[in-house]
Amino acid sequence: MIDNGNDNKLTIEQLRKKYRSEGYYSLTNSEKIRLLLSYSEKDENIDRIAENIIETYGNIHTAADSSSLFLMNVCEMSMSSAVLLNIIPAISNKCIFSKYSKIKLNSSANAKKLFSALLKNSSIEKSIIVAVNSRFNIINQFIIFKGEADKVDMPLSKIYKFAQCKGNYIFIAHCHPNGSAIPSQNDINTTIKIKDNLNLINTPLVDHIIVGADCTLSMREYLGNKILDDIKKYKTNVTTDE
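Residues numbered from 1 in each chain as written. Predicted model: local features only at pLDDT ≥ 70, side-chain atom pairs only at ≥ 80, totals over all residues. Heavy atoms only, no water.

Visitor: Describe the pairing of strand β3 (residues 169–176), listing the residues and the values that go with them.
Guide: For β3, a buried count of eight out of eight residues is recorded, marking the element as mostly surrounded by other parts of the structure. Alternating positions in β3 separate into two faces, Y169, F171, A173 and C175 on one and I170, I172, H174 and H176 on the other, with burial throughout. Of the pairings in the sheet, the one linking strand β1 (residues 126–132) to β3 comprises six bridges and is antiparallel in character. For V130, the partnering residue across the bridge sits in β3 and is F171. Looking at chain direction, β3 and strand β4 (residues 205–212) are connected through seven bridges and run parallel. (Buried < 20%, exposed > 50% of the residue type's maximum accessible area, 1.4 Å probe, protein only. Helix = DSSP H or I, 4+ residues; strand = E, 2+ residues; numbered from the N terminus. Pairing = 2+ DSSP bridges.)

Visitor: With reference to specific residues and values, describe the packing of aromatic side chains.
Guide: Scanning the entire structure with this criterion turns up six aromatic pairs. Between Y57 and F70 the ring centres are 6.3 Å apart and the planes differ by 75°, which places this aromatic pair in the edge-to-face class. Placement of the pair is Y57 in helix α3 (residues 43–57) and F70 in helix α5 (residues 68–74), with a sequence separation of 13 residues. Take Y57: its relative accessible area is 15%, and that puts it in the buried class. Joined through ring pairs, the aromatic side chains of F136, Y169, F171 and Y234 make up one cluster. (Phe/Tyr/Trp six-rings, centres within 6.5 Å; stacked < 30°, edge-to-face > 60°.)

Visitor: So, the environment of L36: which residues are in play, and what are the values?
Guide: With respect to the helices and strands, the residue L36 is situated in helix α2 (residues 29–37). When the C-alpha positions of L36 and D207 are compared, they lie 38 Å apart, and in sequence the two are 171 residues distant. Sequence-distant contacts of L36, that is, excluding residues within four places in its chain, are made with I60, L84, L85 and I88. (Contact = heavy atoms within 4.5 Å.)

Visitor: How would you explain the nonpolar core if you had to name every residue and give the values?
Guide: Within the largest apolar cluster, 26 residues are counted, with the highest numbers of intra-cluster contacts made by F115, V130 and F171. At six residues, helix α7 (residues 108–119) tops the list of elements feeding residues into this core. By size, the runner-up hydrophobic cluster in this structure holds 21 residues, among which are L36, L37, I60 and A82. (Core = buried A, V, L, I, M, F, W, Y, C linked by side-chain atoms within 4.5 Å.)

Visitor: Explain α2 residue by residue, including any values.
Guide: The buried fraction of α2 is high, at nine of nine residues. Along α2, the residues that are buried comprise N29, S30, E31, K32, I33, R34, L35, L36 and L37. Check the buried side of α2 and you find it contacts α1 (12–22), α3, α4 (60–64) and α6 (79–99).

Visitor: Explain the packing of α6 against α7 to me, using residue names and the numbers behind them.
Guide: Put simply, α6 and α7 touch, their axes get as near as 9 Å, and they point 160° apart. Comparing the axis directions of α6 and α7 gives the class roughly antiparallel. Between α6 and α7 the crossing geometry is right-handed. On α7, the residues that touch N93, I96 and F97 of α6 are L114, A117 and L118. Here the residues of the contact of α6 with α7 sort into five nonpolar, one polar and no charged. (Axes fitted to C-alpha atoms, helices over the stretch in contact; angles between N-to-C directions. Parallel < 35°, antiparallel > 145°, perpendicular 65-115°, else oblique. Left-handed = near helix turned anticlockwise from the far one by under 90°. Nonpolar A, V, L, I, M, F, W, Y, C, P; charged D, E, K, R; others polar.)

Visitor: I'd like a description of the packing of α2 against α3, backed by residues and values.
Guide: Axis separation between α2 and α3 bottoms out at 9 Å; the angle between their running directions is 135°. The angle between the axes of α2 and α3 places the two elements in the oblique class. The handedness of the crossing between α2 and α3 comes out as right-handed. On α3, the residues touching N29, S30, I33, R34 and L37 of α2 are I46, D47, I49, A50, I53 and I54. Its residues placed into classes, the contact of α2 with α3 shows seven nonpolar, two polar and two charged.

Visitor: Which residues make up the environment of K94, and what are the values?
Guide: With respect to the helices and strands, the residue K94 is situated in helix α6. For the pair K94 and Q141, spaced 47 residues apart in sequence, the C-alpha separation works out to 9.9 Å.

Visitor: Which residues make up the side chain of R220, and what values do they have?
Guide: Counting through the fold element by element, R220 comes out in helix α10 (residues 219–223). An unpaired buried charge is present at R220: no salt bridge exists, and D230, the closest side chain of opposite charge, is 4.9 Å distant. A polar side-chain atom of R220 sits 2.7 Å from a polar atom in the side chain of N225. (Lys, Arg positive; Asp, Glu negative; His and termini not counted. Salt bridge = Lys/Arg side-chain N within 4 Å of Asp/Glu carboxyl O. Polar contact = N/O pair within 3.5 Å; in protein donor to acceptor, adjacent residues only side chain to side chain.)

This is the structure we're talking about:
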């Protein structure tokens, strides 16, 4: 639900006390934004900027996924505030990777669990590349933030460069924030191109995970080995075609 910011405004000091005593989820959308801005904006600018953010994005989480330049130009916030807001999803993803750092991506179930945790709350499309070693332990990750909801944006050159330096196997994932996890033809074509490029450096693409609004899907489970090469160490919920 969009918060229009017309609640009975507490002072910044009252907001801080409310946050300390009642927690983050006790705050309205506008209160969360005002509280954050209080650490980076002049007092006289806070309410105006908060109203701009609510009008443009509806909530702090969607705003945090926007570009800092857009936040500065459209919402009229300072560079300090824009950078502070952008850091939130980056820290969140880092914490999630830390939590799942011991998980082995040797099954589609584990892969879906990891990427769902990373992407399920995203308001824009995000693409992720993860490298694992021969035992399927995560050794590195690279996140691409893009705001297009109708196609996966995974530059082949970046993936190729990442894979040359990292890991024995590669996973890719992206989200459909407002749609089904069923892959589009563009998703399928992109997966094939990435697989073919990675094969040139003998680094197999294990799976492409899509996190939708309805569920999380493994491309290998969905299409079997029709577009991905067989990897016997990787367990899925489908029978491998002979």
